Amino acid sequence: MAASLPLRDRLAALPVGDRRLLEAMVGLALVALGPGLVMGALFAMLRAGWLEAPLGTGYTWLTLHGVGVFFFWLYLAQGALLLALAATAEGADGIAHRRLAAAGLGIVALGLGLAWAAPLAGPALLYDASPALAAEDRRAAGLAYAGYLVQAAGLALIAGAALASVPRAKRAQGGVWSTVAFGTAAWAGLLIVSVVAAVATFLPAALWTLDMAPLPTEHTTRWHLLFHNLHYLPLLGTVLVWYVLVAELTGIRSALGERFSKLVFTSYLLLVPPTSLYHMFLEPGLAPGVRLLGSLLSLLIGVPTVAVFLIIVVSIETELRARGARGPLGWLRALPWHEPTLHAMAAAVVNLALGGTLAFVLIQERLAPLLSDTFTVPAYFHFLTVGTVSLTALAALAHLLPGLRGRGVPAPRLRAALPWLLTLGLLMFGLAGLAAGLTGMPRRVAAVAYGGAAPAAWTDLSAVIALGAVVMSAALLAYALLVVLALLGVGGAAARPAVVEVAEAGWSAAALQPAWSGPVAVAVLILAMAGATWLAVHLMAALPVSATAAGGS
Amino acid sequence: MTTRPVGTRRALVLGSSFGILGLYGIWAALDLAPWPWAGTDGHGGHGSEGGHGAAGGHGGVGGGPSPEEFRALTREFVLRYRLADGTVRPGPAPGDAPAAPDPHVGHGAASGLPTAAVPDPHAGHGSAAAPAEAAPAGSTPTRPVPVEVYLAAFQWGFEPQILRLEVGRPYRFRMMAVDVAHGAALQLGPASRIIRLRPGVLVEQELTFTRPGDYLVYCTVFCGPGHELMAGRLLVA
């Protein structure tokens, strides 16, 4: 499941140049995250009426939020973790083509500057930067497209350096892929998919701003494909990081074998990219058959993530029961809870279950006219992008820093508490957002009163959403600040992880313990999804209108 | 030789993972999707709520009016039905004949809602009574001709801004975003009906209100700095 030496030791053994590069990447990721979080919280407070700003200002904040967090933080954090895993995979000897990766980082930094300058140079376009909204002033749009394209180029170099690093590990292992090296290669491949999607989306638009091409009428469709990749593909990186950290923290190997894990990682490549159709359910003119196909395909998104969840849970449960854990949840109590990283992973799993439940309501094509474009969408995807992916990435970066810097991240007790505070904020944000979305409150809007014509609940729920946004942003910022302190060398001595003895591969008679928690949890999750769908159908039936399509052109 | 512990067998893990596909069966049970053996007709023939709802399928972008033509049609519609207070109350055009018998009568909408031609036993408002175009007693019930309603979405408003409509009367909404993409969502109390409009694309939906109310129309697609100013009203009585 993992190389024999702890990850921190393997990081510490990397050449100095590799370690400095990884530190720089972590630092730039946090530069994107911090202001992005603040802007998101400000926008939520504006919508709640806690702040006043001139018309349009809120959309500048929302643009800076989306650009900083969704594009640059998520990609840079993935880049840092990807390179770290590629450079330390069993048999690897550091980052191949480090200069290539360093150039990639510099290019991404340039992209961040361009993309952040865009909403300050003209009208805010949000992070999809629709060309139609920029028809009268193309400067801001041009900067945004340049920023995204430059970022894509940099990301391609970083992913390329990671891809070049893992074959060396494979050769050193006698031509056999370790699970981590294999998963890392798949992850890098998915980042390349994102690069292609970004170029396909923004290159025609960039050429339009230069009068070299007509207005790209397919921008919205291409954006949906990119956005889908943006917030689902990081799930592979997340589960791979969980896989590595579980081995790091508990010493437990996969109970199902390395080949099975590789199969699951590969399935992300096969199952996730084709499932993006559901983002377009409300598009005029989409054929009914395509809608149905989109609904069917969308169910596949959950398959590999549930599989990895099961691999990890049944492996831990079986091993800890074999070591003496008793009772239905005794194995959970036996985990090394003194490790702050474990708290982050546990909170991330809770948030994944919540976000997944809501996501599976949204992918039902006949509920799209009820829920799409409402606040239900940010309500669910923040559970995934913030509560699952970002929290895991931040915790993993904090876990890696002692290996890079030789010093631990300060305040471990605070670091253990912050993921739960983040989850509390997300629950406020997500549940209030779900309630608001079910009654139709739109997303991406700076005010919801509509001159008093909107339901009063929208204003009240916006206040809870804002409170949740402030709490989760503060928790994530505090976590990020601890990582920054560690990067600056402020922190305790590097603490050794409390690694328990590594279990042997294969199964002994003593390890024949039943492990039902994972399958039971999945069954409960599916029931929750069904219940949420039933609730949405019930709401739809309560609408005081009947509707049929009458066509159109 | 040892065997794998219960719960760690690969078949069980794979089965549980693919168990998420079982949600499709729940969708089918809720009439949100067809059973695989039912074919597509079973899905679409009941006045579906959303599957066929947003638009489309009747020709491509070039078959309908241009944005300029649609603006002109909307202005003509407003002038024709405008009341003294500035609101717009569309009615049946003179000479509208009853439509052919509705093959869907008796099925109800997929959402369980009544159509206009079928009295709603649950409404309690006497609201679903069909308008006067219904066929004579003893003959096959007919479906009234829907009243055409034009709604143009633009930066940043709707034209007409306030519509007066009748409970139980079917309306054929003809909608278009005439500059950039917009939404024309209807806030209907417990939930909303979200309609996405692409620039220059005619979207038609037939809507029949079953309860009176003052309903908000609002944009759900970001359309520029005045996005939150886009609001209209449907006064249904």
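Definitions and cut-offs
- Residues numbered from 1 in each chain as written.
- Chains lettered and ligands numbered in written order.
- Predicted model: local features only at pLDDT ≥ 70, side-chain atom pairs only at ≥ 80, totals over all residues.
- Heavy atoms only, no water.
- Axes fitted to C-alpha atoms, helices over the stretch in contact; angles between N-to-C directions.
- Helix = DSSP H or I, 4+ residues; strand = E, 2+ residues; numbered from the N terminus.
- Parallel < 35°, antiparallel > 145°, perpendicular 65-115°, else oblique.
- Left-handed = near helix turned anticlockwise from the far one by under 90°.
- Contact = heavy atoms within 4.5 Å.
- Pairing = 2+ DSSP bridges.
- 1 Å grid on protein atoms, 1.4 Å probe; cavity = no way out; pocket = protein on both sides within 12 Å on 5 of 7 lines; lining within 4 Å.
- Points joined across faces, edges and corners; volume = space filled by probe spheres on them.
- Nonpolar A, V, L, I, M, F, W, Y, C, P; charged D, E, K, R; others polar.
- Domains from an automatic or database assignment.
- pLDDT = per-residue confidence, 0-100.
- Buried < 20%, exposed > 50% of the residue type's maximum accessible area, 1.4 Å probe, protein only.

(A) Geometry of the packing of helix α11 (residues 302-322) of chain A against helix α1 (residues 10-18) of chain B. Two numbers describe how α11(A) lies on α1(B): the axes approach to 8 Å, and their chain directions differ by 140°. It follows that α11(A) is oblique to α1(B) by the angle criterion. Pair α11(A) / α1(B) crosses with right-handed handedness. Contacts between α11(A) and α1(B) involve V303(A), V306(A), A307(A) and L310(A) on the former and, on the latter, V13(B), S16(B), S17(B) and F18(B).

(B) A look at the environment of I26(B). In this structure, I26(B) sits in helix α2 (residues 23-29). Spatially, the C-alpha atoms of I26(B) and L207(B) are 28 Å apart, while their sequence positions differ by 181 residues.

(C) Representation of the pairing of strand β10 (residues 213-218) of chain B within the structure. All names here are of chain B. Examined bridge by bridge, strand β6 (residues 185-187) and β10 share 3 bridges and lie antiparallel to one another. Considered in β10, the bridge of A185 is made with Y218. As paired elements, β10 and strand β11 (residues 231-236) share 6 bridges and run antiparallel to each other. Paired with G213 across the bridge in β11 is V236.

(D) Region of interest: empty space enclosed by the protein. Residues and elements named next belong to chain A. Under the defined criterion, the tally for this structure stands at 5 cavities of 30 Å³ or more. Lining the largest cavity we find 24 residues, and of these L62, H65, P378, H382 and F429 sit closest to its centre. Secondary structure elements with two or more residues in the lining of the largest cavity: α2 (16-47), α3 (57-88), α15 (376-405) and α17 (456-487). Examining the composition of the lining of the largest cavity, we find that 6 residues originate from one element, α2, more than from any other. For the lining of the largest cavity, the per-class residue count stands at 16 nonpolar, 5 polar and 3 charged. Approximately 80 Å³ is the volume found for the second largest cavity. Mapped by element, the contributors of at least two residues to the lining of the second largest cavity are α3, α8 (234-250) and α15. Across the lining of the second largest cavity, the residue classes tally to 8 nonpolar, 4 polar and no charged. Viewed by domain, the lining of the second largest cavity spans two of them, domain 1 (21-217) and domain 2 (242-553), each represented by three or more residues.

(E) Region of interest: the confidence of the model for chain B. Residues and elements named next belong to chain B. On average, residues of chain B carry a pLDDT of 73, and 62% of them reach 70 or more. The low-confidence segment residues 40-62 (pLDDT under 50) makes 64 contacts with residues lying over four places distant or belonging to another chain. With a pTM of 0.87, the predicted complex shows an ipTM of 0.88.

(F) View of the pairing of strand β9 (residues 203-209) of chain B. All names here are of chain B. Here β9 lies mainly inside the structure; 7 of its 7 residues are buried. Burial of β9 is two-sided: the residues V203, Q205, L207 and F209 facing one way and the residues E204, E206 and T208 facing the other way are all buried. As judged from the 6 bridges shared by strand β4 (residues 170-177) and β9, these two strands associate in the antiparallel manner. Bridging across to β9, P170 finds its partner in T208.

(G) Region of the structure containing the sheet that holds β6(B). Spatially, β3-β11-β10-β6-β7 (chain B) is the arrangement adopted by the 5 strands of the open sheet, whose pairing is mixed. One side of each edge strand has no neighbouring strand; the edge strands of this open sheet are β3 (162-165) and β7 (192-193) of chain B.

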